[in-house]
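What the coordinates show
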Amino acid sequence: MDGIVLLAKEPGLTSFSSLNVVKKALQTSKVGHTGTLDSFAQGLLVVCTGRLTRLSGKITEFNKTYKAVLEFGRETDTLECTGKVIKEAPLPKKDQVLKIIPQFIGKQLQLPPLFSALHVSGQRASDLARQGKEVKLEARPVEVFDAKILEMDTDSNDCVKACLIEFSVSKGTYIRSLARDIGQKLNSAAHLKALFRSKVGNFNIEDACGFENLCDFNIKNACNPVDKKNKLSDEELKNKIRQNIKPLTKSLAEECGFINIDLTDDEALAAFKNGQAIKNKMFIQDLFKLPCQSQISVFYKDDFYGLLNKDENGKIRYGFVIN
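Note that the structure is predicted; figures quoted are calculated from it, not measured.

1. A few points about the overall build of the protein
- A count of helices and strands for the protein gives 10 helices and 17 strands.
- Here the C-alpha atoms of the protein give a radius of gyration of 22 Å, agreeing with the 20 Å that 2.2 N^0.38 yields for 323 residues.
- Expressed as lengths along the three principal axes of its C-alpha atoms, the size of the protein is roughly 75 × 50 × 40 Å.
- Within the protein, the fraction of its 323 residues that count as buried is 49%.
- Pairs at least 24 residues apart make up 65% of the contacts formed inside the protein by residues separated by at least 6 positions.
- As presented, the protein carries roughly 16200 Å² of accessible surface, and 46% of it is formed by carbon and sulfur atoms.
- In the protein, the 47 positive side-chain charges and the 40 negative ones have mean positions that sit 3 Å from each other.

Right, here's the structure in full:
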C-alpha cells in the first residue's frame, strides 16, 4: 500500500523497531521513516510506505520542532543522557538562562556530535568514536527559528538544574549540540536529558497514530518516563494505522511542501513515465513560472506519478517516477 503514516514513537524503542507495527498493520516490508529519533527520544515519525518510500529523503529535509529537556551541570561524550560524563560544572543562575537562550535564535555554524551518523572517510563518526579513533567534523550552517523556555527546575539558590525548551530548527540541526553550546555559553555544562519531536514540516504529533500512548512531556515525565495505564493495544494501534494511512493527494503534497502540477493527457503521462525529455507542453501549468529551488509533484487525474526538481538556475530534472 502506497501512503504516508504519522506514527508516535515511544521512548525506549529505536526508530527502526518502531516501524514493525506499521509493517504488520499494512502487511508490507516496504516502509521507511523520514528522520531517525534516538532510542531515548519520543515523538513524531513520518513513515512512507510502498512506492512512496522514495519520498523519505525529501521529507527528511523539512524543518522540525522539538521539546527538549536540558540538564545542567554535566556534559557527556554523546551530548545526551546515555553517554559518559566528561565534564562537570556549576549550575547556571535562572536569570542567566533566561538571557542566553534567545541568543541562540538565528543562523549559526554548529559542530555536530562525535557520536552521530555522519560519515567520515566512509565510516560513521559514531563507529569511529567508539573505537577510540580521532574524529574531525566540520561545523555546518544551521538555523534556529525559535527557542522558547517552557519550564525550569531550580534549586533553593535559584540555580537551574533542568530546563524544558521548545526549539524550531532547520534540517541538520542537532539538539544535542545546542545543549552542549548552551551549557558552554552559560559557563556551565549541559546535556540533552530527553527529547520530543512534535512537528516535521506541516505534520503534527497530535495527528499521529499512537499519540494517546505518550505522556505529557514535561521535566518530571520526561526524566522519569512511565507507561500510560490505558495504552492502545497492538491491535488497536494497527487498526488506527490502517484507518489513517494517507495516499499522496494534492492537498497532502502541499502539506509536504511540494508544488503541484498536472500532466495534460495520456500521451504526456506515457512520456513522463518513460523518462522522456521534460517539455513544457506536457503540463497544464507553465514550468517556467514555477519558483527555483522547488520540488514539484506531478499528478494526472488526481493520481500522483512522481517528483521533479527545479534547481537554483531554473533547470528542471526528474526526481523519481512511479510506474
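2. Focus on the nonpolar core
- Ranked by internal contacts, the top residues of the largest apolar core, which has 40 residues, are Leu70, Phe167, Ile175 and Ile241.
- Broken down by element, this core gets its largest block of residues, 5 residues, from strand β11 (residues 160–169).
- Not counting the four nearest positions on each side in its chain, Leu70 is found in contact with Lys161, Ala162, Cys163, Ile165, Phe167, Ala179, Ile182, His191 and Leu192.
- In this structure, Ile205, Ala208, Leu248 and Leu252 belong to the second largest nonpolar core, which totals 33 residues.

3. Looking at the environment of Phe211
- Locating Phe211 in the fold gives a position in the loop between β13 (203–204) and α7 (219–223).
- Expressed as a C-alpha distance, the spacing of Phe211 and Leu6, which sit 205 residues apart in the sequence, is 9.5 Å.
- Ignoring sequence-local partners within four residues, the contact set of Phe211 consists of Ala8, Ile205 and Glu206.

4. A few points about the pairing of strand β3 (residues 42–49)
- Within β3, 8 of the 8 residues are buried, leaving the element largely enclosed by the surrounding structure.
- Here 7 bridges tie strand β1 (residues 3–9) to β3, and the two strands are oriented antiparallel to one another. Looking at β3, one finds that Ile4 is bridged to Cys48.
- Bridging between strand β2 (residues 31–33) and β3 involves 3 bridges; their strand directions are antiparallel.

5. Digging into the sheet that holds strand β15 (residues 294–300)
- Across the sheet, 4 strands lie side by side as β14-β15-β16-β17; this open sheet has mixed pairing. Every interior strand has two partners, whereas the edge strands, β14 (259–262) and β17 (316–321), have only one. Mean inter-strand twist for the sheet, computed between neighbouring axes without regard to direction, equals 35°.
- In terms of strand pairing, strand β16 (residues 303–310) meets β17 through 5 bridges, oriented antiparallel. What sits directly across from Lys310, in β17, is Ile316.

6. A word on the layout of surface pockets
- Quantified by volume, the second largest pocket comes out at close to 520 Å³.
- Glu10, Leu13, Asn213, Lys231 and Leu237 are the residues nearest the centre of the second largest pocket, which is lined by 27 residues in total.
- Class assignment of the residues belonging to the lining of the second largest pocket gives a composition of 13 nonpolar, 6 polar and 8 charged.

7. Some words on the side chain of Glu71
- Summarising the element assignment, Glu71 is placed in strand β4 (residues 64–72).
- Residue Glu71 is classed as buried on the basis of its relative accessible area of 15%.
- Within the structure, the side chain of Glu71 is placed 2.8 Å from the side chain of Arg74, a separation counted as a polar contact.
- If near-sequence neighbours (up to four positions away) are discounted, Glu71 is found in contact with Lys161, Ala162, Ala189, Ala190, His191 and Lys193.

8. Points about helix α10 (residues 266–273)
- Looking at α10, one finds that the buried residues are Ala268, Leu269, Ala271 and Phe272. For α10, the angular spread of buried residues about the axis comes to 165°, placing them on one side. Away from the buried face of α10 by more than 90 degrees, exposed residues Asp266 and Glu267 are located.
- Sitting at the amino-terminal end of α10 is Asp265, which places a side-chain oxygen 3.2 Å from the backbone nitrogen of Glu267.

9. Re the pattern of salt bridges
- In total, this model carries 14 salt bridges according to the counting rule given.
- Across the pair Glu10 and Lys231 runs a salt bridge whose closest N-O atoms are separated by 2.7 Å. Placement of Glu10 in the loop between β1 and α1 (15–18) and of Lys231 in the loop between α7 and α8 (234–244) is noted, with a sequence separation of 221 residues between them.
- On the accessibility criterion, Lys231 (31% relative accessible area) is partly exposed.
- Residue Glu71 pairs with Arg74 through a salt bridge whose shortest N-O separation is 2.8 Å.

About the thresholds
- Residues numbered from 1 in each chain as written.
- Predicted model: local features only at pLDDT ≥ 70, side-chain atom pairs only at ≥ 80, totals over all residues.
- Heavy atoms only, no water.
- Helix = DSSP H or I, 4+ residues; strand = E, 2+ residues; numbered from the N terminus.
- Rg over C-alpha atoms; globule rule 2.2 N^0.38 Å.
- Buried < 20%, exposed > 50% of the residue type's maximum accessible area, 1.4 Å probe, protein only.
- Contact = heavy atoms within 4.5 Å.
- Areas by Shrake-Rupley, 256 points an atom, 1.4 Å probe, with all protein chains shown as cover.
- Lys, Arg positive; Asp, Glu negative; His and termini not counted.
- Charge placed at Lys NZ, Arg CZ, Asp CG, Glu CD.
- Core = buried A, V, L, I, M, F, W, Y, C linked by side-chain atoms within 4.5 Å.
- Pairing = 2+ DSSP bridges.
- Axes fitted to C-alpha atoms, helices over the stretch in contact; angles between N-to-C directions.
- 1 Å grid on protein atoms, 1.4 Å probe; cavity = no way out; pocket = protein on both sides within 12 Å on 5 of 7 lines; lining within 4 Å.
- Points joined across faces, edges and corners; volume = space filled by probe spheres on them.
- Nonpolar A, V, L, I, M, F, W, Y, C, P; charged D, E, K, R; others polar.
- Polar contact = N/O pair within 3.5 Å; in protein donor to acceptor, adjacent residues only side chain to side chain.
- Arc of directions from axis to C-beta.
- Salt bridge = Lys/Arg side-chain N within 4 Å of Asp/Glu carboxyl O.

Limitation: the analysis is restricted to geometry and does not speak to function.
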